[in-house]
Amino acid sequence: MEEHKMDGEKRLEEKCLERKVVYKGKSYEFFVDRVELPDGTEAVREMVKHPGGVAILAMDGENCVLMEEQYRYAIRQTITEIPAGKMDKIPGETPREAAVRELREETGRVADHWEYLGKIYPSPGIVSEVLYLYLATGLREEERELDSDEFINLKLMELETVREKIAAGEITDCKTIAALAMAELKGMIE
C-alpha cells in the first residue's frame, strides 16, 4: 500500500531554546523547556527523561502467557501486564541483556529462545521512554530476585484469554497490547 502525503512536506521539528531541570531523581529527570516552534513562535514543553525499558512476552510450550499482577501507584490500580523493567541497573546493558535480567528477576524464568519484536514509545508527548519488546519461549524456572520494593503476583494465562481480556478492556497496559500485536503481525504466534 502506498503512503500519500496530505499536508505536503512541512518542517515539524521544534528547537530547544532553554532547559530548566525541575527535578533529578535516581532514574528520572523532569525538564521544562522553552522551544521554538516550526513557525518561529515559542512554546513551553514539559518532559520526563526516562532511561528506557524492556518488556517481555514470555510464553510456555502450551500457548500460555506469563503475566504479572502489579499495583501501579500512578493510576492507583492493580493491573495485569507482561514482565518489564527499566534499563538503569547495569551501565552499558543492552536491551536484550536487560530483558533476560528482568524476566529472571521478576518471574524466576529463563528463556531458551529470544526474538526481538521492535520498540515503542508509550507516551511520547511527555516522556522520552523507549520500550524494547521481546518474545521469550522455552521457559525454565529458576529463583526469583524481586527488588525490595516489588510485589508481583504471577499467573499463566492462555493466549486466547489474554486476547479476550484485551478486547474486553480488562487488560489495558500498552506494552502488553503492543507486544502481543507485534508478535502476531510478525507471524511469531497464532
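So, a few notes on the structure that sits alongside this text. Residue numbers run consecutively from 1 along every chain, following the written order of its sequence. With pLDDT at 70 or above as the cut-off, local features in this predicted model cover only qualifying residues; side-chain atom pairs require 80 or more to be listed or tallied, and sums for whole chains, interfaces and linings still use all residues. By convention in this description, side-chain values take in all heavy atoms of the structure and omit both hydrogens and water.

Let us look at the overall build of the protein. Scanning the protein from N- to C-terminus turns up three helices and 10 strands. Seen in sequence order, the protein has helices and strands lined up from the N terminus as β-β-β-β-β-β-β-α-β-β-β-α-α. The dimensions of the protein, computed from C-alpha atoms along their principal axes, are 55 × 45 × 35 Å. Working definition: with a 1.4 Å probe on protein chains only, accessible area under 20% of the residue-type maximum means buried, over 50% means exposed, and in between means partly exposed. Expressed as a percentage of the 190 residues in the protein, the buried residues total 38%. Two residues form a contact once any of their heavy atoms are found within 4.5 Å. Intrachain contacts of the protein at a sequence separation of at least 6 include 57% that bridge at least 24 residues. What counts as a helix is a DSSP run of H or I of at least four residues, what counts as a strand is a run of E of at least two, and both are numbered from the N terminus.

Glancing now at the sheet that holds strand S3 (residues 42–49). The strand order across the open sheet formed by three strands is S1-S2-S3, and the pairing between neighbours is antiparallel. Bordering the open sheet on either side are strand S1 (15–24) and S3, each of which pairs with just one other strand. Sheet twist, expressed as the average angle between the axes of neighbouring strands with direction ignored, equals 20°. Strand pairing is assigned whenever DSSP identifies at least 2 bridges connecting the two strands. Direction of pairing for strand S2 (residues 29–36) relative to S3: antiparallel, over a ladder of eight bridges. Looking across to S3, one finds that valine 35 is bridged to alanine 43. To get an axis, fit a line to the C-alpha atoms, keeping to the stretch in contact for a helix; angles then go from 0 to 180 degrees between the N-to-C directions.

Our next topic: the nonpolar core. Within the largest apolar cluster, 22 residues are counted, with the highest numbers of intra-cluster contacts made by Leu57, Val65, Leu133 and Ile189. Where this core is concerned, the elements lending two or more residues are strand S4 (53–58), strand S5 (64–72), strand S8 (109–120), strand S9 (131–141), helix H2 (159–167) and helix H3 (174–185). If you tally residues by element for this core, the top one is H3, at five residues. Beyond its immediate stretch of four places on either side in the chain, valine 65 contacts Leu57, Ala58, Met59, Ile82, Lys155, Leu156, Met157, Leu159 and Val162. In this text, buried Ala, Val, Leu, Ile, Met, Phe, Trp, Tyr and Cys residues form a nonpolar core when linked through side-chain atoms within 4.5 Å. One finds Ile56, Ala99, Tyr134 and Ala136 within the second-largest nonpolar core, a separate group that totals 14 residues.

What follows is about the side chain of glutamate 81. In this structure, glutamate 81 sits in strand S6 (residues 77–81). Of the polar contacts made by the side chain of glutamate 81, one reaches the side chain of lysine 175; its length is 2.8 Å. When neighbours within four sequence positions are excluded, glutamate 81 is seen to be in contact with Met67, Glu68, Gln70, Arg72, Asp173, Lys175 and Thr176. Throughout this description, a polar contact denotes any pair of N or O atoms lying within 3.5 Å of each other; where both atoms belong to protein, one of them has to be capable of donating a hydrogen while the other can accept it, and for residues adjacent in sequence the pair is counted only when both atoms sit in side chains.

Turning our attention to helix H1 (residues 95–107). By this rule, a helix spans an expected 1.5 Å times one less than how many residues it contains. Between its first and last C-alpha atoms H1 spans 18 Å; for 13 residues at 1.5 Å apiece the expected length is 18 Å, and the two agree. Listed as buried for H1 are Ala98, Ala99, Arg101, Glu102, Leu103, Glu105, Glu106 and Thr107. Count one or two residues on from H1 and you reach glycine 108, which has phi positive near 75°.

Just distances and angles here, no functional claims.
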